[in-house]
Each structure stands twice: as structure tokens, then as C-alpha cells.
Amino acid sequence: MRTCPRSILTALALGALLLPGPLAARPKNQLSVRVSQSFIPGAGYDALSANDHLAQGELAYGRELLELGRGRLWVEASWQAGAKSASLFGSFQTHTLLQSVTASAIYRLPILPWLVPRARVGLGVAIGSLELSSTGAGGSASHDRAAAFTGQVLLGLEFWIPRRRPRVNFGLVVEGGASFQTPLAFALEPEVDDELRRIPLAGSELGSVGLSGGQLRIGVMMEF
Amino acid sequence: MLARRSVLLPLGLLLAAGCGERARLWGVPLAVQGPLKAGGQALWVDGTRGAVFALSPGEGGAAPSLASGALPRNASFVAPTPAGDLLLVLSRGKEAIYRDQSAEEPGLSVLRPSAGAAPELVRFYPLAAGLDRLAVAGDGKQAVAYSSGAPGQAGVFHNPNEVALLDLTQPPGPENPVRRTVRSFGSAPIGVVFSPPMPIPAPSGPAHSLALVLAKGYLTFLDLGHPSRREITVPLVKPESSESVTPAQVLFSRETVFVRADGASDLYSLTLAARTPQAPDENDFLPSINQPSSGRTPLDVALFRDQKRDLLLTANASGDLALIDAATSQFSLIPVGSPVDTLLLTPREEPTLALVYSKRSPAPRIHFVELKGLADGLTKNLTTRKLDQAVHQLVATPDGKQALVVHNDARTVVSILDLVGEHHTVSPIHGQLPLGSFDFASGAAGSYLVGVSAGLSRLGLLDLANLHTADLRLDSSPSRVLALGDRILVDHGAPEGRVTVVPRAGASRDECQVLSGFLLAGLLDRELED
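Quick caveat: nothing in here was measured; it's all calculated off a predicted structure. (Residues numbered from 1 in each chain as written. Chains lettered and ligands numbered in written order. Predicted model: local features only at pLDDT ≥ 70, side-chain atom pairs only at ≥ 80, totals over all residues.)

**Let's talk about the overall build of chain B**
Here's step 1: Across its full length, chain B carries 2 helices and 42 strands.
Here's step 2: A principal-axis box enclosing the C-alpha atoms of chain B has dimensions of 110 × 65 × 40 Å.
Here's step 3: Burial statistics for chain B: of 530 residues in total, 42% are counted as buried.
Here's step 4: Considering only contacts in chain B between residues 6 or more positions apart, those separated by 24 or more positions represent 42%. (Helix = DSSP H or I, 4+ residues; strand = E, 2+ residues; numbered from the N terminus. Buried ≥ 20, exposed ≤ 12 C-beta atoms within 10 Å, placed from the backbone. Contact = placed C-beta atoms within 7 Å.)

Quick look at the structure:
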């Protein structure tokens, strides 16, 4: 009999935590560290990677912009980077570094204090850096950079530590969707010593690679 | 619990997303053959990806341009036609082992290069998989595909004596190519030689175009005008003989075929006599064999015409020359006094001079034989020139007025031999390293010998009019040089493809251009399939 009120009190306390709290109490800044896995089916990507996926790391800062309906609209700036290496025909090695900056609009709709679905639309710029070296005797290396526009549409879920009116809180985010990118066009021109007088050199167009595809992300967030 | 599941599910998806592997072909080494000269272009064929890369050196001040096209994969043999207007590529085909692979048929691709564009696939003749060698007639109209007998054939059975007769002027069809098996005495083809049109009976009978399939111990005649007729096999040794005789050289006079064979002590002469066929598959000619003996073992033989007679000149193992009348087999010996095994007749059309030397035992001397009146003059027509360095190779210049003497020496790289007049002067040309590759460039700037030495980043130019030398510093080590008219291409042998294009002899470095990476051009745009 004496345990019954204690159980009720515990249930009430938990219920109070799980119930939606007042939105105004939540912090308006957010820092995120994420890892993403992209699935890129494009043909050109085969020259840069032995498989179809690309793992990248991401740092992001977000700020609440305004209330919109039952949710809130946030904006986020992020920097994403990833690298791949591949061997080609037993004679060449490619090293690719991909970096992008993205500005995103995120609509967050809290349904529970610890569970917040979100939808993201982002636009950005990507820079690809490709190095191709021949592995045989007297091998040479070529290097080129290319830029492209990027876009992404992602849906996700945020999981927060259930705390009442925290000044700082921590959470986990999982997102999935599609990323789009205009092709990165690379040329092949050997690295030469600029100090030397050389015969005019013309490289070759390697072609272009589009890195559009599906994307899954997971990360940790800090709100303050 | 819900939170844990929500985290594990995307993690699982993240792992699953990485399952798409690229085509296995990306890990297969490139099999690049070239550069080859055809249609005024330099061509490279990559059998791994099934691609041909064409470099047009640019005409009239135009910049060099590169283009690439698709080909069947697994090229086993690549050669231009004798006229240099087409490129012929034999491919082994490909079996589809995995579900995502597509099979390819073995066959012969005929490509027509065109300036500034990728070579056009004119025709494709399906062939049996084991045929990996090709012989083409001088006029480029007919070809015979045969097997090299190389190990590694995939099938349970492989017939090394199967040949395919191709009429390259006609599209592929049920009768083109014609598949045949040449009758064998236990050997397999080692080569195919085409005759010029031979009147049978000579001199006014119907012309026959013949293919001679060479095999160890015998020859096989095929009438290309009637490919369904039976072949005629002619043994070079008696059945009971243990001699090992391998045909090495075939020459054609109007009515006779002359054969020099390694291991034989004499030449063979095969006279083609007319006969009336008794059945549709029988031939209307019959070869009869004899040996026009000079009593010497010939190591090289050349055919020329003088005083309205066909004459054979042989360089013999006994260190002398033999002059044989092709019609009567009468012969005369011309002592030389040193080993000789190679003859070079010049000019190519209606030769008047034979250069005689030894490739097997290089010596610092060249023998000259004036062919005009040789049957009467014999030793009077022979002169000898001593050189400072041993002669490894003699190559006549395109105009036939000079010959390049190649020495395998780091100091005196080559000599230029004057063939005009009686004195035959020899001008030594010094260098730093043995000549690795050379060609002759000719155009408005004159005629030049162009050459490179491996390990020396320079292009050497020798003006054949005045023997003035010039040098062009290159930016990387060369592997091969070739001339397309007056344009000079230096291939550096880089796996990604790198050539230096020199617009003409005497051009400055600023007028030249290095083209790099062309064998990987379009790499990101093309999907490779297994």
C-alpha cells in the first residue's frame, strides 16, 4: 500500500518529463557533428572509388529563425569533407578530396520533448580535388580541382536527453534523403616545375563525375 | 527501447549502403598497343577497355587533336594494312562469366582513320576464337586469319590448322569469311604469304591470287579467287626424312614460287602448271617442286630482273653469294670472303644495287653488288667498304639514295651511306647512346632522319641532304619516334599517354606541344562494363 503512491509519483514525474514543454524554453543555437554515408551510383565515381559509397564528416552551426505553425524554422551552415582513394588498372592511383559548404533551412516539429522530426532543404557549393598518379617506374602525377553546386533534401529525427528547461542539451540526429550535385569536371595535366622552361603542355579532359545519390546521416547535437 | 531501435536502424542502413562494387575491369591492367601509323594518324589500341585513341598531328598550322572510339575488347593482333589506310584489329572476344557481364564475339574489326575524328568501324567479321594472327595481302583486299598456336586456348578442343579467308572488300556474310582447315603433316601454320596475281599458265593464263600457308616441313596453297576449292599441300621434305625444315622466305616470279627454308641446304622452286579440274572443288593448277641447287645453304635470298631474266641472289652460309637463273637453275658463285646473311636491294622498285652484310655476325664492312650485268661481271660487280664500327642493320631511305647504317655503339650511333654513284661514301654520325628508335620525316623542310635514344631526353634530327645535325630538348625521356609526313611524334611511353608533337624538323620548342593523359581522356564519362 505504501509503495503505490511512490509509483504514482514516479509515473507523474516521468510523465511531466515526457510531456511537451513550453517551446520558448528551448535554446536557439545548435552545434552538430555528423557523419554521412552517400550512395553514389554514377559511372564516373567508379574511377574514384572501388565501391559506390562515400563517407564524409560534417560540422554545422544552426540558429532558430522563427516560429512557423507548430514548429520552428532553423537555418544552418555546415562544412562537409570526405576523401576516397582508388587503384585503376593496376597502373594508376586516384586520391579525391571532396569538401562542401551548405546553407540549409530546417523545419523542426517537436512532438515530444525528446523527439523532434525535422525536414531539411540545403544548397551549397562543393569543391573536388583530384590527384592521379601513375604507379610504375618514372610515374607522374596530375592534380586538378573542380567546383559544383550542391543541393539536398533530407528528413530526419532528433532524439534529445529528456530534461526540463535545459540551458544546454545534447541529442542525436538521424537523417536520410537525397543529395544532388552538378558534375565536377576534371582535367589531367601533369604537375610541372614552373621554374623550368618547358614545351607547351596540353592535358586531357578526364570527364566529369556527378556525386548525386542517396544519403544517410547520423550525428550528435548540442543546443544552447 | 524505441530510441535504441531508431538509432540501430539507420546504422544498419549506413552499412548496407556500401555494398555497390564497381566493375572488375577497373582492376585489370591496360593492354595498350601502339603507336601505329594509319591514315595519317598515330593510333593506340587498348584491349582491356576496348578503345582506340587517334592522334591527328594537325595539318597546315592546325593544332594536334585527339579522338577516341570503341572497339571489341581483348585485342590479340593489331596492324595497319600495307597501304596504311586502314587499321585491322583481331579480338579474342569475351565470355560472360558473371550475371552482370556481357559477352563479346571474337572477330576482325576494320577501322578507317579519319583526320580529327575517331577511327570509324567499317566492318566486323566474326571469327573463331582461336585465330589470333592475321596476314594481309599487299593490296589490302584479302586477309587470312590463323592461329599462332600460343598456349592458353580456353576450349576443350583447338584446331591449330584452322584458317579463315577474308575478302576485305565485301561485307561479312555466310561465305565471308570462309573457314578452312589446312591439311597438316603434324605441324601448324607459322605464317601466311600472298602472291601477286600469277598467270597460270604463264605468261597469258588467267591470273590467280594465291595464299601460301607456311608450316614446319610443308607449304599449303590456297586459291583466294576460289576459296571453296581444296588446298594443295606441298611437303618440303620426304616423308621418311628426319630433316627439320621451316620455310622462312617466299618470293614470286611470274610463274614460279621460290622458297628459302631454315634447315634446308638449297632453295625450293615451285612451278605452277595449269590443269583441268575434274570436280568443282578441284584446283586448276598444280605446283611441282624442285630445288635449283647452288650447293650452298642460303641464309637470305632476293629476286631481281636483269637482261629480261629473273635472277636470284642468295647470301650463303659458306660466306659467298650465289646467282641463280630462275628459269634454268644455272648458278654462279661470287666469293665474298666474310660471313654474309642479309641482302638489301635498292631501290625497292627495279633494284640496281644489292647491299650485303651480316646481321648474325656483325662486322665493320658492307659489300656492294651492282646488279646490272651481274651474270656477266660476277666478282667484278662486287666491291667492299670497310667501316669503323660493326654494321647491325641497314635501312634504305625512302628515296633510295642513301642507306642508314645502324651501329650498336654509344659513340658512332649511325652512319649514312651514299648509294648514288660509284664511291658509296660513308659518313659516321656520332651520338651519346645507341639509337633506340628512328624514322624518316619528309616534307617542305626536306628529308630528315629522326631518332631517339632511351634515357636521353632529346630528339635527334639529321638532314639527309647535307647531313647537318640538330637537336631538340625534350621534357621527358622518349621511348619511340615516328614521322607522319613532316610532323614528328615522340612517344614517351607513359601509361597515361604522353607524346611530344614536333610540327616540322627545325621547329623550336615553343612551336612544339606535349599532349598528356590522352589514354585516360574521358575516363570519368565512360561506364566500364565487365
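**Focus: the overall build of chain A**
Here's step 1: Looking only at helices and strands, one finds 1 helix and 11 strands in chain A.
Here's step 2: Split into buried and exposed, the 224 residues of chain A put 33% on the buried side.
Here's step 3: By sequence separation, contacts in chain A at least 24 residues apart represent 65% of the contacts at least 6 residues apart.

**Some thoughts on the interface of chain A and chain B**
Here's step 1: Across the contact, 44 residues belong to chain A and 41 residues belong to chain B.
Here's step 2: Residue assignment for the side of chain A that touches chain B shows that the elements contributing at least two residues are β1 (29-39), β3 (71-88), β6 (141-160), β7 (169-181), β8 (184-188), β9 (201-202), β10 (204-209) and β11 (213-223) of chain A.
Here's step 3: Ranked by the residues each element gives to the side of chain A that touches chain B, the list is headed by β10 of chain A, at 6 residues.
Here's step 4: For the side of chain A that touches chain B, the class distribution of residues is 22 nonpolar, 17 polar and 5 charged.
Here's step 5: The pairing of β9 of chain A with strand β42 (residues 513-516) of chain B spans 2 bridges and is classified as parallel. The partner of A202 of chain A across the bridge, within β42 of chain B, is L515 of chain B. (Nonpolar A, V, L, I, M, F, W, Y, C, P; charged D, E, K, R; others polar. Pairing = 2+ DSSP bridges.)

**Observations regarding the nonpolar core**
Residue and element names in this part refer to chain B.
Here's step 1: Residues A145, L212, L321, V356, V450, L459 and I488 are the most contacted members of the largest nonpolar core, which totals 162 residues.
Here's step 2: Tallying contributions element by element places strand β16 (residues 210-215) first for this core, with 6 residues.
Here's step 3: Ignoring anything within four residues of it in the chain, the contact list for V356 reads A315, L321, V336, V340, L343, H367 and V369. (Core = buried A, V, L, I, M, F, W, Y, C linked by C-beta atoms within 7 Å.)

**Description of the confidence of the model for chain A**
Low pLDDT marks stretches whose predicted atomic positions should not be read closely.
Here's step 1: The pLDDT averaged across chain A works out to 86; a share of 87% of its residues lies at or above 70.
Here's step 2: Averaged pLDDT values for the elements of chain A fall to 50 in helix α1 (residues 3-18) of chain A and rise to 95 in strand β4 (residues 92-108) of chain A. (pLDDT = per-residue confidence, 0-100.)

**A few points about the sheet that holds strand β31 (residues 393-396) of chain B**
All names here are of chain B.
Here's step 1: Across the sheet, which stays open at both edges, the 4 strands sit in the order β31-β32-β33-β34 with antiparallel pairing between neighbours. Looking along the sheet, the strands with just one partner apiece sit at the ends: β31 and β34 (426-430). Within the sheet, the average angular offset between the axes of one strand and its neighbour, ignoring direction, is 25°.
Here's step 2: Of the strand pairs in this sheet, strand β33 (residues 412-418) and β34 are connected by 5 bridges, and their pairing is antiparallel. Paired with I416 across the bridge in β34 is S427. (Axes fitted to C-alpha atoms, helices over the stretch in contact; angles between N-to-C directions.)

**Focus: the pairing of strand β26 (residues 331-335) of chain B**
Residues and elements named next belong to chain B.
Here's step 1: Relative to β26, strand β25 (residues 320-325) runs antiparallel, the two sharing 5 bridges. When the sheet's bridge partners are listed, D320 is paired in β26 with P335.
Here's step 2: Taking the residues that link successive antiparallel strands as the turn, the β25-β26 hairpin has 5 residues, and the phi of S329 there is positive, at about 65°.

**A few points about the sheet that holds strand β27 (residues 342-346) of chain B**
All names here are of chain B.
Here's step 1: Read from one edge of the open sheet, 4 strands run β27-β28-β29-β30, paired in antiparallel fashion. Taken across any chain shown, the strands that pair with only one partner, and hence form the sheet edges, are β27 and β30 (382-386). Strand-to-strand twist of the sheet, defined as the mean angle between neighbouring strand axes without regard to direction, takes the value 25°.

**Examining the environment of H424 of chain B**
Residues and elements named next belong to chain B.
Here's step 1: Relative to the assigned elements, H424 resides in the loop between β33 and β34.
Here's step 2: Among the residues examined, H424 registers 17 C-beta atoms within 10 Å and is labelled partly exposed.
Here's step 3: Along the backbone, H424 and T383 are 41 residues apart, and their C-alpha atoms lie at a distance of 9.8 Å.
Here's step 4: Leave out the neighbours within four places in its chain, and H424 touches F368, R385, L417, D418 and L419.

**Brief notes about the pairing of β11 of chain A**
Residues and elements named next belong to chain A.
Here's step 1: When β1 meets β11, the two strands line up antiparallel, connected through 10 bridges. Residue pairing across strands places V33 opposite V220, the latter belonging to β11.
Here's step 2: Here β7 runs beside β11; their pairing, made up of 11 bridges, is antiparallel. Directly across from A178, in β11, lies its bridge partner G214.

**Focus on the confidence of the model for chain B**
All names here are of chain B.
Here's step 1: Looking at chain B, pLDDT values average 86 and 94% of them are 70 or higher.
Here's step 2: Here residues 1-18 is a poorly scored stretch, pLDDT under 50, and it has 23 contacts once near neighbours within four places are set aside; other chains count.
Here's step 3: Interface confidence for the predicted complex, expressed as ipTM, amounts to 0.80; the pTM equals 0.85.

**Some thoughts on unusual backbone geometry**
All names here are of chain B.
Here's step 1: Here the amide bond leading from G34 into P35 is cis, since omega sits at 5°, within 30 degrees of zero.
Here's step 2: Topologically, P35 is positioned in strand β1 (residues 32-38).
Here's step 3: A cis amide bond links N176 with the next residue in sequence, P177, at an omega value of 10°.
Here's step 4: Tracing the sequence through the fold places P177 in the loop between β11 (162-167) and β12 (178-181).

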